[in-house]
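# Architecture at a glance
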Amino acid sequence: MKMTVRDVDWQDKRALVRVDFNVPYERGTTRISDDIRIREAIPTIEYLRERGASVVLCTHLGRPNGKPSSEFDLDSIAARLSELIATPVTYVRDAPGSLASETVGAMAVRDVILLENIRFWAGEESNDEEFASALAKLGDVYVNDAFGTAHRAHASTAGVASHLPAVAGL
């Protein structure tokens with residue numbers, strides 16, 4: 001039987017949540033044209049926060065081919081999520097590095113952090129063991145709430161789940 005977020009005591013735990021915020025933008029702008037994927041993750045995010053977890057989100061946007069690209073950064077997504085949940089979302093321009101580790105280490109209960117576009121690192125799509133291990137250090141429990149990407153054997157889906165207790169989101 002697959003466990004879900006309802007099967008975990010979240011008090012004072014960090015949830016590393018894989019979401020699918022690969023949203024469309026209005027052509028030539030940074031305005032999100034359809035935020036349904038962000039809205040669909042809110043029940044899981046709020047469930048975790050209400051139960052005393054801090055929430056570390058990771059997602060991809062587009063196909064940056066393992067390299068940083070301003071075209072695919074997550075500024076607009078962090079801003080929109082912050083509006084939707086009416087709480088500040090800290091956008092960290094890092095994923096498995098020291099900036100992410102420091103920011104996650106300073107989190108308070110119920111804080112929300114959005115890591116940089118996970119596909120800026122080549123280790124994501126190749127399911128690199130070292131990359132997955134580094135991501136896993138950012139959480140206590142892994143939550144897969146990105147059901148549209150759950151079939152991919154990437155570091156933020158399959159790899160991380162081999163390092164942490166893993167549950168499904170709502």
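Before going into details, it helps to say that this report is about the structure given with it. Not measured: the values here are computed from a predicted model.

### Focus: the overall build of the protein chain
Scanning the protein chain from N- to C-terminus turns up six helices and six strands. For the protein chain, whose C-alpha radius of gyration is 15 Å, the value lies close to the compact-globule estimate of 15 Å for 170 residues. With 170 residues in all, the protein chain has 50% of them scored as buried. If you take every contact in the protein chain between residues at least 6 apart in sequence, the share linking residues at least 24 apart comes to 74%. For the protein chain, the accessible area works out to roughly 8,100 Å², and carbon and sulfur atoms hold 47% of it.

### Some words on the environment of Val8
Topologically, Val8 is positioned in the segment before β1 (14-18). Residue classification places Val8 among the buried positions, given a relative accessible area of 18%. Distance in space between the C-alpha atoms of Val8 and Ile45 is 14 Å, their sequence separation being 37 residues. Not counting the four nearest positions on each side in its chain, Val8 is found in contact with Lys13, Val141 and Val167.

### A look at unusual backbone geometry
Phi angles above zero are rare outside glycine, and Asp12 is one such case at about 65°. The residue Asp12 is located in the segment before β1 in this model. You can call Asp12 exposed: its relative accessible area is 57%. The backbone of Ala86 sits at a positive phi, close to 55°, despite the residue not being glycine. Mapped onto the elements, Ala86 comes out in the loop between α2 (75-85) and β3 (89-92).

### Overview of the sheet that holds strand β2 (residues 54-58)
Across the sheet, six strands lie side by side as β3-β4-β2-β1-β5-β6; this open sheet has parallel pairing. Two strands bound the open sheet, and with one partner strand each, they are β3 and β6 (166-168). The sheet shows a mean angle of 25° between the axes of neighbouring strands, taken without regard to direction. Pairing between β3 and strand β4 (residues 112-115): four bridges, direction parallel. Bridge pairing links Val89 to Val112 in β4. Across the sheet, α2 lies against β2, β3 and β4, angled at about 165° from β3, the strand it touches most.

### Topic: the side chain of Asp20
Following the sequence through the fold, Asp20 ends up in the loop between β1 and α1 (36-50). Taking the relative accessible area as the measure of exposure, Asp20 reaches 14% and is therefore buried. Polar side-chain contacts of Asp20 include one of 3.5 Å to the side chain of Arg37. Dropping the residues within four chain positions of it, Asp20 is found in contact with Arg37, Thr59, His60, Ala146, Gly148 and Thr149.

### Examining the packing of α1 against α2
The interhelical angle for the contact between α1 and α2, taken along N-to-C directions, is 60°, at an axis separation of 11 Å. As far as their axial angle goes, α2 and α1 are oblique. Read as a crossing pair, α1 and α2 show a hand that is right-handed. Note on element contacts: α2 touches α1 through Ile77, Arg80, Leu81, Leu84 and Ile85, opposite Ile38, Arg39, Ile42, Ile45 and Glu46. Of the residues belonging to the contact of α1 with α2, the class tally is seven nonpolar, no polar and three charged.

Thresholds applied
Residues numbered from 1 in each chain as written. Predicted model: local features only at pLDDT ≥ 70, side-chain atom pairs only at ≥ 80, totals over all residues. Heavy atoms only, no water. Helix = DSSP H or I, 4+ residues; strand = E, 2+ residues; numbered from the N terminus. Rg over C-alpha atoms; globule rule 2.2 N^0.38 Å. Buried < 20%, exposed > 50% of the residue type's maximum accessible area, 1.4 Å probe, protein only. Contact = heavy atoms within 4.5 Å. Areas by Shrake-Rupley, 256 points an atom, 1.4 Å probe, with all protein chains shown as cover. Pairing = 2+ DSSP bridges. Axes fitted to C-alpha atoms, helices over the stretch in contact; angles between N-to-C directions. Polar contact = N/O pair within 3.5 Å; in protein donor to acceptor, adjacent residues only side chain to side chain. Parallel < 35°, antiparallel > 145°, perpendicular 65-115°, else oblique. Left-handed = near helix turned anticlockwise from the far one by under 90°. Nonpolar A, V, L, I, M, F, W, Y, C, P; charged D, E, K, R; others polar.

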